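Spelled out from the first residue to the last, the chains are:
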Amino acid sequence: MTFNEQTTRDLAGDPAVTGERADLLEMLTKHRHFLRFTTRDLTDEQAGRRTTASELCLGGLIKHVTAVERNWVDFILNGPSAMPDFTAMTEADWARRADQFRLLPGETLAGVLADYAEVARRTDDLVATLPDLAATHPLPKAPWFEPGAQWSARRVLMHVIAETAQHAGHADIIRESLDGAKSMG
C-alpha cells in the first residue's frame, strides 16, 4: 500500500457513517495523516534518528501511537482486562514499554506504517459498527487515572484523537529538526 493509499482510506466518507461517528473518524483521519506525513521520503535510519533532546524518533512515535490506538480499541471491546495494571508494572515492563518509542533493529518504517494502517482500519470499522458509543468500562489501574473512573467508547475515541494530534505535533518538530521539512507552512 502506498503512502497516499494509507492516508486516504477513510470511512468518514462512507454513506453509512454519519453524524458524530463521521465527525470522530474525520478528525482521527486528519491527525493520522499529519502524523504519517512527517515520515514521507525518509529512510529507516532517518526514521529511527533522535533529532531533539527528546528520546523520541519518528518511527518510534508511529509505533507508540499504533500501540495506544490498538490498546484503547481493545479496551472498548473488552474493558480494563485488555490493558495492564500500570500500578503493578516492573522495571522490565517499563523498559519494554519504552521500546514503543524507538525504531528497534530489524524494524522498518514501512513495517510500522503498515501496522499503523491495519490498526487504523480496525478502529475505523469499530467506530462505524459499535452499537453504542456511550457504553462505558472502568479504567485500568494507573497512577494517572482517578480510582473508579469510567470512560465511554466516545471518551476513549476522543482520547485517541488527542493523543494522535499531540504526537503529530511532536513528529513535526522532530522532522523539521531532521532535515528542515515541515508538515505545514
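Quick caveat, the model's predicted, so the values are computed rather than measured.

1. Quick notes on the overall build of the chain
Move 1: Along its length, the chain carries seven helices and two strands.
Move 2: Counting helices and strands in the order they occur from the N terminus, the chain gives α-α-α-α-α-α-β-β-α.
Move 3: Taken over C-alpha atoms, the radius of gyration comes to 17 Å for the chain, in line with the 16 Å a tight globule of 185 residues would show.
Move 4: On the principal axes, the C-alpha backbone points of the chain span a range of 45 × 45 × 30 Å.
Move 5: Looking at the 185 residues of the chain, the share that counts as buried comes to 44%.

2. Observations concerning helix 7 (residues 153-179)
Move 1: Between its first and last C-alpha atoms helix 7 spans 39 Å; for 27 residues at 1.5 Å apiece the expected length is 39 Å, and the two agree.
Move 2: One or two residues past the end of helix 7 sits Gly180, with phi positive at roughly 85°.

3. Observations concerning the environment of Leu104
Move 1: Tracing the backbone shows Leu104 in the loop between helix 5 (91-98) and helix 6 (109-129).
Move 2: Through-space distance from the C-alpha of Leu104 to that of Ala53 is 19 Å; in sequence the pair is 51 residues apart.
Move 3: Setting aside anything within four residues of it in sequence, one finds Leu104 in contact with Lys63 and Asp99.

4. Topic: unusual backbone geometry
Move 1: Its identity as a non-glycine residue notwithstanding, Asp41 has a phi of 65°, on the positive side.
Move 2: Following the sequence through the fold, Asp41 ends up in the loop between helix 2 (19-37) and helix 3 (44-47).
Move 3: The exposure class assigned to Asp41 is exposed, which follows from its relative accessible area of 76%.

5. Considerations on the packing of helix 4 (residues 58-78) against helix 7
Any two packed helices are characterised by the angle at which their axes cross and by the distance between the axes.
Move 1: Look at helix 4 against helix 7: their axes get within 10 Å of each other, and the N-to-C directions meet at 180°. Accordingly, the angle class assigned to the pair helix 4 and helix 7 is roughly antiparallel. Residues Leu58, Leu61, His64, Val65, Val68, Glu69, Trp72, Phe75 and Ile76 of helix 4 form the contact with helix 7, whose own contacting residues are Ala153, Val156, Leu157, His159, Val160, Glu163, Thr164, His167, His170, Ala171, Ile174 and Arg175.

6. So, the nonpolar core
Move 1: Formed by 26 residues in total, the largest nonpolar core has its most connected members in Trp72, Ile76 and Val156.
Move 2: Elements with a contribution of two residues or more to this core: helix 2, helix 4, helix 6 and helix 7.
Move 3: In this structure, Trp72 is in contact with Met83, Leu139, Phe145, Trp151, Val156, His159 and Val160, ignoring residues within four places of it in sequence.
Move 4: Ranked by size, the runner-up nonpolar core spans 19 residues in total, among them Ala47, Leu56, Leu58 and Ile62.

7. A short note on the environment of Thr87
Move 1: With respect to the secondary-structure elements, Thr87 resides in the loop between helix 4 and helix 5.
Move 2: Residues Thr87 and Phe37, spaced 50 residues apart in sequence, show a C-alpha to C-alpha distance of 35 Å.
Move 3: Beyond its immediate sequence surroundings of up to four residues, Thr87 is in contact with Lys141, Ala142 and Pro143.
Move 4: Polar side-chain contacts of Thr87 include one of 2.4 Å to the side chain of Asp85.

8. A short note on the environment of Asp172
Move 1: You can see Asp172 is positioned in helix 7.
Move 2: For Asp172 and Thr29, which are 143 residues apart along the polypeptide, the C-alpha to C-alpha distance reads 17 Å.
Move 3: Setting aside anything within four residues of it in sequence, one finds Asp172 in contact with Thr38, Lys182 and Ser183.

9. Some points on the side chain of Arg32
Move 1: As for its placement among the helices and strands, Arg32 is situated in helix 2.
Move 2: Assessed through its relative accessible area of 2%, Arg32 is described here as buried.

10. Looking at the packing of aromatic side chains
Move 1: Throughout the structure, instances matching the rule amount to eight aromatic pairs.
Move 2: For the ring pair Trp72 and Phe145, a centre distance of 6.2 Å and an interplane angle of 80° mean the geometry is edge-to-face. Remark: Phe145 occurs in the loop between strand 1 (136-138) and strand 2 (150-152) and Trp72 occurs in helix 4; sequence separation between them is 73 residues. Grouping residues by exposure puts Trp72 and Phe145 together as buried.
Move 3: By relative accessible area, which is 6% here, Trp72 ends up buried.
Move 4: In this structure an aromatic cluster arises from ring pairing among Trp72, Phe75, Phe86, Trp94, Trp144, Phe145 and Trp151.

Criteria and thresholds
- Residues numbered from 1 in each chain as written.
- Predicted model: local features only at pLDDT ≥ 70, side-chain atom pairs only at ≥ 80, totals over all residues.
- Heavy atoms only, no water.
- Helix = DSSP H or I, 4+ residues; strand = E, 2+ residues; numbered from the N terminus.
- Rg over C-alpha atoms; globule rule 2.2 N^0.38 Å.
- Buried < 20%, exposed > 50% of the residue type's maximum accessible area, 1.4 Å probe, protein only.
- Expected span 1.5 Å × (residues − 1).
- Contact = heavy atoms within 4.5 Å.
- Axes fitted to C-alpha atoms, helices over the stretch in contact; angles between N-to-C directions.
- Parallel < 35°, antiparallel > 145°, perpendicular 65-115°, else oblique.
- Core = buried A, V, L, I, M, F, W, Y, C linked by side-chain atoms within 4.5 Å.
- Polar contact = N/O pair within 3.5 Å; in protein donor to acceptor, adjacent residues only side chain to side chain.
- Phe/Tyr/Trp six-rings, centres within 6.5 Å; stacked < 30°, edge-to-face > 60°.

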